[in-house]
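Structural characterization, general
So the chains spell out like this:
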There are 6 protein chains.
Amino acid sequence: MASGNLQIRRFFNLDTRAYERGALPAKTKELLGLVASMVLRCDDCVTYHIVRCLEEGVTDSEFFDAFNVALVVGGSITIPHLRRAVERLDQCRQMKRKRASRNSR
Amino acid sequence: MASGNLQIRRFFNLDTRAYERGALPAKTKELLGLVASMVLRCDDCVTYHIVRCLEEGVTDSEFFDAFNVALVVGGSITIPHLRRAVERLDQCRQMKRKRASRNSR
Amino acid sequence: MASGNLQIRRFFNLDTRAYERGALPAKTKELLGLVASMVLRCDDCVTYHIVRCLEEGVTDSEFFDAFNVALVVGGSITIPHLRRAVERLDQCRQMKRKRASRNSR
Amino acid sequence: MASGNLQIRRFFNLDTRAYERGALPAKTKELLGLVASMVLRCDDCVTYHIVRCLEEGVTDSEFFDAFNVALVVGGSITIPHLRRAVERLDQCRQMKRKRASRNSR
Amino acid sequence: MASGNLQIRRFFNLDTRAYERGALPAKTKELLGLVASMVLRCDDCVTYHIVRCLEEGVTDSEFFDAFNVALVVGGSITIPHLRRAVERLDQCRQMKRKRASRNSR
Amino acid sequence: MASGNLQIRRFFNLDTRAYERGALPAKTKELLGLVASMVLRCDDCVTYHIVRCLEEGVTDSEFFDAFNVALVVGGSITIPHLRRAVERLDQCRQMKRKRASRNSR
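About the criteria used
Residues numbered from 1 in each chain as written. Chains lettered and ligands numbered in written order. Predicted model: local features only at pLDDT ≥ 70, side-chain atom pairs only at ≥ 80, totals over all residues. Heavy atoms only, no water. Helix = DSSP H or I, 4+ residues; strand = E, 2+ residues; numbered from the N terminus. Contact = heavy atoms within 4.5 Å. Areas by Shrake-Rupley, 256 points an atom, 1.4 Å probe, with all protein chains shown as cover. Lys, Arg positive; Asp, Glu negative; His and termini not counted. Charge placed at Lys NZ, Arg CZ, Asp CG, Glu CD. Least-squares fit on C-alpha atoms with pLDDT ≥ 70 in both. Expected span 1.5 Å × (residues − 1). Buried < 20%, exposed > 50% of the residue type's maximum accessible area, 1.4 Å probe, protein only. Salt bridge = Lys/Arg side-chain N within 4 Å of Asp/Glu carboxyl O. Polar contact = N/O pair within 3.5 Å; in protein donor to acceptor, adjacent residues only side chain to side chain. Phe/Tyr/Trp six-rings, centres within 6.5 Å; stacked < 30°, edge-to-face > 60°. Patch = residues over 30% accessible without salt bridge, like charges linked within 9 Å, V, L, I, M, F, W, Y side chains within 5 Å. Buried area = accessible area lost by both parts, 1.4 Å probe. Disulfide = S-S within 2.5 Å. Core = buried A, V, L, I, M, F, W, Y, C linked by side-chain atoms within 4.5 Å. pLDDT = per-residue confidence, 0-100.

Quick notes on the overall build of chain A
Secondary structure assignment for chain A yields five helices and zero strands. Across chain A, helices and strands are ordered from the amino to the carboxyl terminus as α-α-α-α-α. Over its C-alpha atoms, taken along the principal directions, chain A stretches across nearly 50 × 40 × 30 Å. Of the contacts formed within chain A by residues at least 6 apart in sequence, a portion of 57% connects residues at least 24 apart. Accessible surface, chain A: about 4700 Å² in total, of which carbon and sulfur atoms supply 48%. Charge-centre separation for chain A: the mean point of 18 positive side chains lies 4 Å from the mean point of 12 negative side chains.

Considerations on the relation of the copies chain B and chain A
With an RMSD of 0.0 Å, chain B superimposes on chain A once it is rotated by 180 degrees and translated 0.0 Å along the axis. Here the transformation between the copies is reduced to the relation of a two-fold axis. Interface overlap between copies: 100% of the residues of chain B at the interface are likewise at the interface in chain A, consistent with a symmetric, same-surface contact.

Overview of helix H4 (residues 60–74) of chain E
Residues and elements named next belong to chain E. Taking 1.5 Å per residue as the helical rise, H4 with its 15 residues ought to reach 21 Å, and the 21 Å between its terminal C-alpha atoms agrees with that figure. Counting buried positions along H4 yields 13 of 15 residues, so the element is predominantly enclosed. Downstream of H4 by a residue or two, Gly-75 has a phi angle that is positive, lying close to 85 degrees.

What to know about the side chain of Arg41(B)
Structurally, the position occupied by Arg41(B) is in the loop between helix H2 (26–39) and helix H3 (43–55). Here Arg41(B) sits buried without a salt bridge, and the closest side chain of opposite charge, Asp43(F), lies 9.1 Å off (N-O distance). One polar contact links the side chain of Arg41(B) to the main-chain carbonyl oxygen of Leu40(F), over a distance of 2.6 Å. For Arg41(B), the contacting residues outside a window of four places in its chain are Ile77(B), Thr78(B), His81(B), Arg41(D), Leu40(F), Arg41(F) and Cys42(F).

Focus: the packing of aromatic side chains
Residue and element names in this part refer to chain D. Taken as a whole and judged by the stated rule, the model has 15 aromatic pairs over all chains. When the centroid spacing of 5.9 Å and the interplanar angle of 35 degrees are considered together, the rings of Phe-63 and Phe-67 count as tilted. Of the two residues, Phe-63 and Phe-67 are both situated in helix H4 (residues 60–74); the distance of four residues between them amounts to about one turn of the helix. As far as the burial class goes, Phe-63 and Phe-67 line up, both buried.

Remarks on a positive patch on the surface
Taken together, Lys98(A), Arg99(A), Arg102(A) and Arg105(A) make up a surface patch of like positive charges. Its location among the elements puts Arg102(A) in helix H5 (residues 79–104).

Some remarks on the relation of the copies chain F and chain A
Between chain F and chain A, the superposition needs a rotation of 180 degrees and an axial shift of 0.0 Å, giving an RMSD of 0.0 Å. When the interface residues of chain F are mapped onto chain A, 100% of them are again interface residues, pointing to one common binding face.

A closer look at H3(B)
Taking 1.5 Å per residue as the helical rise, H3(B) with its 13 residues ought to reach 18 Å, and the 19 Å between its terminal C-alpha atoms agrees with that figure. The set of residues buried in H3(B) consists of Cys45(B), Val46(B), His49(B), Ile50(B), Arg52(B), Cys53(B) and Leu54(B). Along its buried surface, H3(B) packs onto H2, helix H4 (60–74) and helix H5 (79–104) of chain B together with helix H5 (79–104) of chain D. Positive phi appears at Gly57(B), one or two residues downstream of H3(B), with a value of about 85 degrees.

Details of the interface of chain B and chain A
Every contact between the two is made by 25 residues of chain B and, on the other side, 25 residues of chain A. Carbon and sulfur atoms supply 78% of the area buried between chain B and chain A, which totals about 2200 Å² over both sides. At the surface where chain B touches chain A, the tally comes to two salt bridges. Where Lys29(A) meets Asp65(B), a salt bridge forms, and the shortest distance between an N and an O atom there is 3.5 Å.

A closer look at the interface of chain F and chain A
In many analyses, interface size is given as the accessible surface area lost on bringing the parts together. Across the boundary between the two partners, chain F contributes six residues, which contact six residues of chain A. The largest per-residue losses of area from chain F upon contact with chain A belong to Gln7(F), Leu14(F) and Arg17(F), which jointly make up 64% of the total buried on that side. Across the chain F-chain A interface, the total number found is zero salt bridges. On inspection of chain F and its partner chain A, the count reaches two residue pairs in polar contact (both at pLDDT 80 or more).

Some remarks on the state of the cysteines
For the structure on display, the rule yields six disulfides over all chains. The disulfide partner of Cys42(A) is Cys45(A), and the S-S distance across this bridge is 2.4 Å. Around the S-S axis, the bridge from Cys42(A) to Cys45(A) shows a dihedral of about 65 degrees and counts as right-handed. The burial state of Cys42(A) is the same as that of Cys45(A); both residues are buried. This cysteine, Cys53(B), is not joined by any disulfide, and Cys92(B) carries the nearest cysteine sulfur, 11 Å off.

Quick look at the nonpolar core
Most often, soluble globular proteins have nonpolar side chains that are buried together. Residues Phe67(A), Phe67(B), Phe67(C), Phe67(D), Phe67(E) and Phe67(F) are the most contacted members of the largest nonpolar core, which totals 214 residues. When neighbours within four sequence positions are excluded, Phe67(B) is seen to be in contact with Leu34(B), Met38(B), Ile50(B), Leu82(B), Ala85(B), Val86(B), Leu89(B) and Ile8(F).

Description of the confidence of the model for chain A
Caution is warranted with low-pLDDT regions, since their predicted coordinates should not be read in detail. Counting all residues, the mean pLDDT for chain A is 94, and 96% of those residues have values of 70 or more. By mean pLDDT, the top-scoring element of chain A is helix H2 (residues 26–39) of chain A (98), and the lowest-scoring one is helix H1 (residues 3–17) of chain A (91).

Focus on the pattern of salt bridges
Inspection of every chain in the model, using the stated rule, returns 54 salt bridges over all chains. It is possible to trace a salt-bridge network through shared partners that takes in Glu30(A), Arg52(A), Glu55(A) and Glu56(A).

Considering the environment of Val86(F)
All names here are of chain F. By secondary structure assignment, the location of Val-86 is in helix H5 (residues 79–104). The partly exposed category is assigned to Val-86, whose relative accessible area is 22%. With residues near it in sequence (within four places) discarded, Val-86 still touches Phe-64 and Phe-67.

This is the structure:
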């Protein structure tokens, strides 16, 4: 195993732990990850943090508050990423509703 | 007054309002602004949000949790900004202690 | 309606007005938006400004002057975006010619 | 002379020529360079293009139109650079006035 | 031919020459291009330099050393690009093996 | 000790190890760090890697080859950082010569 490869796995481990509950709750940390990903304009990272934020119970109003901070900090260049983030959030909400309605039958 | 100038003032107004309490508390929003500023590597913006975070009662452990998210997302290129952020946080804490000890006399 | 959402709409409004004719003509402002989008490497934003530049009568020579400024400022990392910009410009020109030939029949 | 060094001089040459009058006038090109420098947040580059824009006769209203495009595209993270740009613009205007009043005596 | 266009071709020429053997061997220069492309997060540029690095005989262990530097410098925001880089490297290796087995028949 | 703080130290450890000799020699890795720092435009990081490159025996011609790759990839926006890098390289060379002449007495 290449040494580079081993260190990459260590980085992935640090990445996972950065979002675990510490002094700040996991929900806040995921929102930090979401906004950082939006201002750095990485769609894959944004999707990942949207899914994790939903698991932590982030509401739509809270999402839009976070999106707004990202938009103001990062400017209009983030708008295409904002649009895709809203689409993905909608898809996640729909999947959740479908699953809930299936389970309630 | 140039139209550009008027619109710049409107942007500044949007910037101020983005951090006001909404669905998310002001403290969380300031932490979002802090991490966004660190990954985009703007020392002046980081300083501004450190001061505001302190006003919102962010503890040292919470600051380091947020710094760690910024460091993992943004990589080692953020380290010089992280060092300066920690220095500024120390200065703010010292100023606060001095003021408190002066007031207690 | 979430407050974040309202503020996002206000940002979109500021974004629209930034490109309206002021002290600088709309054509110059769209070229500014085009070059800013290229150096920040956002294909969706580049496409938007190419369409608007065409509406403002930007010629091919003017486009390539602007592309060249973006390339020199932003470096070779912008080349894939430059290639896609030239493709989109070609597509827009072709669509325009087709529409013109259809209307002239 | 290192080959790297020769190529760096060739790049500097391309950089100079990118702003010479072509299909677009030098004034427009300098405004493109100014906005690109602001959204990429390089104070030295912004200063350079402010000086060149002044030589090309850019008015204050035109500057603020360009600043506003940069602010909207690049977001609040550009604000410290915007503030320094306005300060530098003021300094350049004052130097020009002093020189003019000295010459008129 | 637009002057902008001519200058773009000159830039492309400088781009090609930057990776030719000089004081540093072509292999090192391609690795520099690879890491620069990863921290600036341009998939097309990463693919290009992976292909060129393979031609220069870069081994898998060397690739992962370079990927690790890019990951540490650029942070977790580069992870989606790292994943795609590893996929592309695998594809290139497979194509090479197929071609080799075909030729050995 | 805050958990964030512990993880930051772990990141610093990964950062140090990324440049240790592995499949690639330390010299090549430091050049990778130098070019990554230049295209991401961090003067402090550039200085650090210049010092380390000098320790690894990088020659002036090799430095300029690396600077040229950074300039072509990152564009004219890196020029102020390139200038400061050359100044720092000169200062390091002078300090080394002074020390050598002192030791030879």
